[in-house]
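Inside the fold
The residues making up each chain are set out below.
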Amino acid sequence: MARIAAIATAIPDLDFEPDYRRWAMAQLGKTREAKLYERMAGRSGIEHRWSVLSEEDAKLDQGRGLYGGPAQPGTAQRMEIYARAAPELALKAIEKLPPLGTITHIVVASCTGFVAPGVDQIIARRLGLPDDVERVLIGFMGCYAAVTALRTARHIVRSEMDARVLVVTVELSSLHHQQDFDIEPLLAGAQFGDGAAAAIVTASGAGLELRGGISAALDDSEELITWDIVDTGFKMRLSGEVPNRIAAAIARPEVRQRITGGTPVAEIDAWAVHAGGRSILDAVESGLDLARGSLEDSREVLRSCGNMSSSTLMFVLERIMAQKPARGVALAFGPGLAMEGLHFGWKEA
């Protein structure tokens, strides 16, 4: 059966979280909303977020750099940075893996940029992979794209037992800051940072076995999370309704059955939940009646890196993999509003 043999992660060098908070507060001025933002940011559970940008380019209020000019940078300018920085950050994660061996397939998830040839082809060439390596590129699925990438790798390995799949997620969310002056988009922007992860999925050796998938889409939820391409990059809308809608959905018996597979919650050893925000983790914890501390790995990733879109779940799985849980569940939420997940568990060689 398909299993993750190894996972590695990487973040850029620049921690831009303090600068973003100062800038966001300045946009709101001395208003009631500013006080609300300060309180919510303080309770976010996020202490650090990282960016591929230089210190000067990342600043939003200094009158210079990428965001500091009189006009917002256009989508083309942001994509030029993505084309260079996304493969570099992805390779930084791949370099931390054990020897790759003979890679037969590469599956890449990236939702924060577009370039052709794609990041998948750029990575394959820089790694010197054979020119007949099979490639899959998963784009614009948002925060649950890592689940889709891992499930794709699982399907490949189940159909070709000798396959050795390199799975990569790389997200550069900091390229898409918008000069918004309302509290909702400012709070949404306060969640996201940059990060990359890489994993080897194979049919042999010890590892985290990838089991059955989980999917659910919420009715009448299309406007809760949106991700639009505009002239100034990609613009996200993240409604404040999302946590309550998630909690209500996963508490429904038929959805809970899909998530647990009929196993009592207390008998599930590990929960790898996408760290989309503190309120989302709280919603999952309450909706599934999880014991206090069940999502500690997700909360630690949120604290140290923020929400890195598709890469976030891989960071959580990296932490959980070291614990070798017998039975676990991975869940992520994204545009739709939809939930994607999978069951997993440690498998010896």
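Let us look at the structure shown here. (Residues numbered from 1 in each chain as written. Predicted model: local features only at pLDDT ≥ 70, side-chain atom pairs only at ≥ 80, totals over all residues. Heavy atoms only, no water.)

**What to know about the packing of aromatic side chains**
Tallied over the entire structure, the rule returns six aromatic pairs. Within the aromatic cluster, the residues linked to one another by ring pairs are Phe114, Phe140, Trp227 and Phe234. Here Arg49 stacks its cationic end above the ring of Tyr20, 4.7 Å away from the centre of that ring. (Phe/Tyr/Trp six-rings, centres within 6.5 Å; stacked < 30°, edge-to-face > 60°. Lys NZ or Arg CZ within 6 Å of the ring centre and 35° of its normal.)

**Digging into the state of the cysteines**
Going through the model one piece at a time under the given rule, you end up with zero disulfides. The thiol sulfur of Cys111 is not disulfide-bonded, and the nearest other cysteine sulfur, from Cys143, lies at 7.9 Å. (Disulfide = S-S within 2.5 Å.)

**Digging into the pattern of salt bridges**
Under the defined criterion, the tally for this structure stands at 17 salt bridges. Close ionic contact of Glu47 with Arg303 constitutes a salt bridge, the shortest N to O distance being 3.0 Å. Taken together, the residues Glu47 in the loop between helix H2 (32-42) and strand S3 (50-51) and Arg303 in helix H12 (residues 296-305) connect sequence positions 256 residues apart. A salt bridge links Arg237 to Glu184; the nearest nitrogen and oxygen atoms lie 3.5 Å apart. In this pair, Arg237 is assigned in strand S10 (residues 233-238) and Glu184 in helix H8 (residues 183-189), connecting sequence segments 53 residues apart. Among the residues examined, Arg237 registers a relative accessible area of 35% and is labelled partly exposed. It is possible to trace a salt-bridge network through shared partners that takes in Arg278, Asp282, Glu285 and Arg299. (Salt bridge = Lys/Arg side-chain N within 4 Å of Asp/Glu carboxyl O. Helix = DSSP H or I, 4+ residues; strand = E, 2+ residues; numbered from the N terminus. Buried < 20%, exposed > 50% of the residue type's maximum accessible area, 1.4 Å probe, protein only.)

**Overview of the environment of Ala153**
Here Ala153 is to be found in helix H7 (residues 145-159). Assessed through its relative accessible area of 0%, Ala153 is described here as buried. A sequence separation of 54 residues divides Ala153 from Gly207, and the C-alpha atoms of the two residues are 14 Å apart. Beyond its immediate sequence surroundings of up to four residues, Ala153 is in contact with Val165, Val167 and Val201. (Contact = heavy atoms within 4.5 Å.)

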